[in-house]
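Listed below are the residues making up each chain.
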Amino acid sequence: MVNRAQADESFPPIFIVSGGAGALGKHVIRIALSQFPDVTPPIVVVPQVSRPDQLPAVIEQVAERRGTIVHTMVDPAMRAALERAAAERGIVTIDTIGGPLARLAEIFGREPLGQPGLYTRGNEVYLDRIKAIEYTVDHDDGRNPSELGEADVVLAGVSRVGKTPLSMYMGVLGWKVANVPLVNGIEPPRQLFEIDRRRVVGLIIDSDVLGHHRRWRNQAFQGTAGRNYTDFDALEEELAWSRRIFRRGGFSVVNVTNKPIEETADQVIALISRYFEHKLQA
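Source: prediction; values computed, not measured.

This part takes up the packing of aromatic side chains. Going through the model one piece at a time under the given rule, you end up with one aromatic pair. Both rings, one in Phe193 and one in Phe251, keep their centres 6.0 Å apart while their planes meet at 20°; by these two values the pair is stacked. With a gap of 58 residues between them, Phe193 in helix α8 (residues 191-194) and Phe251 in the loop between α10 (232-249) and β8 (252-255) connect regions that are remote in the sequence. According to the relative accessible area criterion, Phe193 is partly exposed, its value standing at 26%. When its relative accessible area of 8% is taken as the criterion, Phe251 is described as buried. Above the plane of the ring of Tyr135 lies Lys176, whose end atom (NZ or CZ) is 5.1 Å from the centre.

Here four strands make up an open sheet; going across it, the order is β2-β1-β3-β4 and the pairing parallel. The open sheet has two edge strands, β2 (43-46) and β4 (93-95), and neither has a second partner. Along the sheet, successive strands turn relative to each other by an average axial angle of 20°, direction set aside. As defined by bridge partners, strand β1 (residues 14-17) adjoins β2 across four bridges and the pair is classed as parallel. Of the residues in β2, the one forming a bridge with Val17 is Val46.

Quick notes on the rules
- Residues numbered from 1 in each chain as written.
- Predicted model: local features only at pLDDT ≥ 70, side-chain atom pairs only at ≥ 80, totals over all residues.
- Heavy atoms only, no water.
- Phe/Tyr/Trp six-rings, centres within 6.5 Å; stacked < 30°, edge-to-face > 60°.
- Helix = DSSP H or I, 4+ residues; strand = E, 2+ residues; numbered from the N terminus.
- Buried < 20%, exposed > 50% of the residue type's maximum accessible area, 1.4 Å probe, protein only.
- Lys NZ or Arg CZ within 6 Å of the ring centre and 35° of its normal.
- Pairing = 2+ DSSP bridges.
- Axes fitted to C-alpha atoms, helices over the stretch in contact; angles between N-to-C directions.

What follows is the structure in structure tokens.
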């Protein structure tokens, strides 16, 4: 999946303009952009645009950056006002909701309510899962450490301990998970020690099992990782380094050796839920 957090500023930005939170428009545009893997424009969400007097500032912001507007306006008056204002400045708009609303009104013989935010309120669990998956993908393998504070859970551990698959599994369950790789002798990002330590879980594994995982990985990539990647003594030192990091941060630790991912996820969730109120996702 393309990491949309790493936007290419050479592309004109896409502005999601919404009368609600903008989650629907962002979701739609991410689906559309997935069909253009080499196109990674900045995506800017402009939420809670519900009054005509808000439109000039929005239009000016888009015009300054020569952007495109994707909107989900359900209020017909606001939709028309936005379209007019954009047309006056030569801004391209993409209406994701007007056409479907008009067609459904014809089919059912009823007028839509025109109230923003109903989709979000009616689909909070689904949207929360989408947001969790997006966050987890964008914060895999140590990416965007400045945003670790937004995570429900931060997993830390050495290479091939299973951080990424565990993160993705928990993301699908609705947890915003970041993972941070630990490399022997290299200081982890400072943010790992600045966030609430109760949200950080260290992953540990037996050295012989870790060696097996790494040897398989090294063979798959034709031995490009180097000898220390699979050397038993080097593995022991690396695991000892990770334990020192966990003690230093006061982090909880879970041993993942020979455990199915579901069992490890249950342990992590139990640890986090002990400290924080979370609705467990089935």
